[in-house]
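One-letter residues, chain by chain:
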Amino acid sequence: MEFHAHEHKKRSEEEKKALMVRLRRIEGQVRGIEKMVEGDQYCPNIVVQISAVSSALNSFAKELMTTHIQTCVVEDLRKGNEESIQELVKMVQRLMK
């Protein structure tokens, strides 16, 4: 059974709004790629846009991870829940694939 220190994360409205804005921007980029495929655009141009989406998702993941470390992980460590470190390690490993 995998350890999960938290099943939910209470985010401030400001944090949630910032994350949602980034996700909507990424969603728009993906829709743009879809239109490029439908419009028979040149493959290298599509790949450039795919790279941009990939970079945006990586940036989103870094921001989410930073917040997770600064809040959940720190809180768990203060409570003596060191298992949170293992969860963090697994999360980093998934992102580095």
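Located above this text is the structure these notes cover.
Each value, and the rule that gives it
- Residues numbered from 1 in each chain as written.
- Predicted model: local features only at pLDDT ≥ 70, side-chain atom pairs only at ≥ 80, totals over all residues.
- Heavy atoms only, no water.
- Axes fitted to C-alpha atoms, helices over the stretch in contact; angles between N-to-C directions.
- Helix = DSSP H or I, 4+ residues; strand = E, 2+ residues; numbered from the N terminus.
- Parallel < 35°, antiparallel > 145°, perpendicular 65-115°, else oblique.
- Left-handed = near helix turned anticlockwise from the far one by under 90°.
- Nonpolar A, V, L, I, M, F, W, Y, C, P; charged D, E, K, R; others polar.
- Salt bridge = Lys/Arg side-chain N within 4 Å of Asp/Glu carboxyl O.
- Buried < 20%, exposed > 50% of the residue type's maximum accessible area, 1.4 Å probe, protein only.

Enquirer: What should I look at first to understand the packing of helix α1 (residues 13–38) against helix α2 (residues 43–78) in this one?
Expert: Angle between the axes and distance between the axes: these two values describe a pair of packed helices. Following both chains from N to C, one finds α1 and α2 inclined at 165 degrees, their axes separated by 10 Å at the closest point. By the angle between their axes, α1 is roughly antiparallel relative to α2. Two packed elements cross with a definite hand, and for α1 against α2 that hand is left-handed. Within the contact of α1 with α2, the residues separate by chemical class into 15 nonpolar, five polar and three charged.

Enquirer: For this particular structure, what's the right way to read the pattern of salt bridges?
Expert: Opposite charge on two side chains permits pairing when their charged atoms draw close. Applying the stated rule across the entire model yields five salt bridges. Where Arg11 meets Glu15, a salt bridge forms, and the shortest distance between an N and an O atom there is 3.7 Å. Given a relative accessible area of 18%, Glu15 falls into the buried group. The closest approach of N and O atoms between Glu13 and Lys16, which form a salt bridge, is 4.0 Å. Separated by three residues within a single helix, Glu13 and Lys16 lie in helix α1, roughly one turn from each other.

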